[in-house]
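# Examination of the molecular architecture
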Amino acid sequence: IGMFLVANFVGGTAVRDYQHKFDGIHFSTPVTDAQYLWGRFAGCVLFALFVFLAVPLGTLIGSFWPTVDPERLGATQLVPYLWSYLLFVIPNFLFCGVLFYAFALKARTMMLMYVGVVAFYMLYEMTGLMFDNPDLRSIAILLDPFGFGAFSEITRYWTPHERNTQLVAFEGALLTNRLLWLSVT
């Protein structure tokens, strides 16, 4: 869902100038193309990250809801929410944002950009199916742009108690995956 949210924000930002014929006005100003496009990109990604912050915030607030049994959930801690947001949400939004922004700039229409998003999602799912082979697991971990393969590999043998109480360490396969895809971004 987050991938389509990012596509909507960055795609609209990228094609708006062309759809409303503002590109001729912008490109005649002393602001360079790179400054203008990177500024618009940064603004829309920061806004999308702010909007997506509602998900962990709503989950956190929901854990304090009066009808929720605190014994069943355990102690509420802020660190896991921040850790997952920093480790997965921000890098994934940056990667998807750059990819879809560049595609939308070339496509210049939202419809074609959405077709590209669906094609990327289908490609991602197909490669995930191809790499279910245990012999290719280490390659699949590196090729997963969202880091879910590395997360799954690290937590594969964790007990339910460990999954509920421990944070994934930012080392090994997860560190390599996140650094690789941030550098690709």
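Read on for an overview of the structure. Here the residue numbering is sequential within each chain, running from 1 through the sequence in written order. Per-residue local features of the predicted model are confined to residues with pLDDT of at least 70, and side-chain atom pairs are confined, for both listing and counting, to 80 or more; whole-chain, interface and lining totals are unaffected and use all residues. For the side-chain quantities, the full set of heavy atoms in the structure was used; hydrogens and water were omitted.

## Notes on the packing of aromatic side chains
This is how the line gets drawn: Ring pairs are drawn from Phe, Tyr and Trp, using the six-membered ring of Trp, whenever the two centres fall within 6.5 Å, and their geometry is named by plane angle: stacked under 30 degrees, edge-to-face over 60, tilted for the rest. Helix and strand definitions follow DSSP, with helices as H or I runs of at least four residues and strands as E runs of at least two, each counted in order from the N terminus. Relative accessibility decides the category of a residue: with a 1.4 Å probe and only protein chains considered, values under 20% of the type maximum give buried, values over 50% give exposed, and everything between is partly exposed.
Per the stated rule, a full pass over the model turns up 15 aromatic pairs. Here the aromatic rings of F4 and Y121 are separated by 6.2 Å at their centres, their planes lie at 55°, and the arrangement is tilted. A residue pair is termed long-range when its members are at least 10 positions apart, and F4 in helix α1 (residues 2-19) and Y121 in helix α7 (residues 110-130) qualify at 117 residues. Given the relative accessible area of 35%, Y121 is considered partly exposed. Taken together, a centroid distance of 6.3 Å and an interplanar angle of 80° make the contact between F95 and F146 edge-to-face. Within this pair, whereas F95 is found in helix α6 (residues 79-107), its partner F146 is found in the loop between α8 (137-143) and α9 (148-155), the two being separated by 51 residues in sequence. Of the two residues examined, F95 and F146, each falls in the buried class. Grouping aromatic residues by their ring pairs yields a cluster made of F88, F95, F100, F120, Y124, F146, F148, F151 and W181.

## Things to note about α6
Our working rule: Expected span, for any helix, means 1.5 Å times one less than how many residues it has. The quantity called bend is, for any residue, the angle between two axes fitted respectively to the seven residues ending at it and the seven beginning at it.
Between the first and last C-alpha of α6 there are 40 Å, a value that for 29 residues agrees with the 42 Å anticipated at 1.5 Å per step. A bend of about 35° at Y85 is the largest found in α6. One or two positions beyond α6, positive phi appears at R108, with a value near 65°.

## Let's talk about the nonpolar core
As a reminder, the rule being used: Only buried Ala, Val, Leu, Ile, Met, Phe, Trp, Tyr and Cys residues count toward a nonpolar core, and they belong to the same one when joined by side-chain atoms within 4.5 Å. Whether two residues are in contact is decided by their heavy atoms: any pair within 4.5 Å suffices.
Core analysis: the biggest nonpolar cluster contains 30 residues, and M3, V10, F93, C96, F100, M113 and F146 have the highest contact counts within it. The element best represented in this core is α6, accounting for nine residues. Discounting chain neighbours no more than four positions away, the residues touching M3 are C96, F100, V117, F120, Y121 and F146.

## Structural notes on helix α3 (residues 33-52)
In a regular helix each residue adds 1.5 Å, so 20 residues correspond to 28 Å; α3 covers 28 Å between its end C-alpha atoms and thus fits that length. Every buried residue of α3 is listed here: Y36, F41, C44, V45, A48, L49 and F52.

## What to know about the environment of S183
Mapping S183 onto the fold places it in helix α11 (residues 172-184). Distance in space between the C-alpha atoms of S183 and G97 is 14 Å, their sequence separation being 86 residues.

## Some remarks on the packing of α3 against α6
Convention followed: Helix axes are fitted to C-alpha atoms over the stretch in contact, other axes to C-alpha atoms as well, and angles between N-to-C directions run from 0 to 180 degrees. Note on terminology: angles under 35 degrees are roughly parallel, angles over 145 are roughly antiparallel, angles of 65 to 115 are roughly perpendicular, and the others are oblique. Take the far helix as your reference; a near helix turned counterclockwise from it by less than a right angle gives a left-handed crossing, and one turned clockwise gives a right-handed crossing. Amino acids are sorted into nonpolar (Ala, Val, Leu, Ile, Met, Phe, Trp, Tyr, Cys and Pro), charged (Asp, Glu, Lys and Arg) and polar (every other residue, Gly among them).
Relative to each other, α3 and α6 sit at 140°, their axes nearing to 10 Å. Looking at the two axes, α3 sits oblique to α6. Both α3 and α6 take part in a crossing whose hand is right-handed. In contact with L37, R40, F41, V45, A48, L49, F50 and F52 of α3, α6 contributes Y85, V89, I90, F93, L94, G97, V98, Y101 and L105. In the contact of α3 with α6, the residues fall into 15 nonpolar, one polar and one charged.

## Re the environment of Y81
Residue position: Y81 is located in helix α6. The spacing of Y81 and P56 is 25 residues in sequence and 6.3 Å in space, taken between C-alpha atoms. Residues in contact with Y81, not counting those within four places in the same chain, are P56, T59, L60 and S63.

Geometric descriptors of this kind do not, in isolation, establish any biological role.
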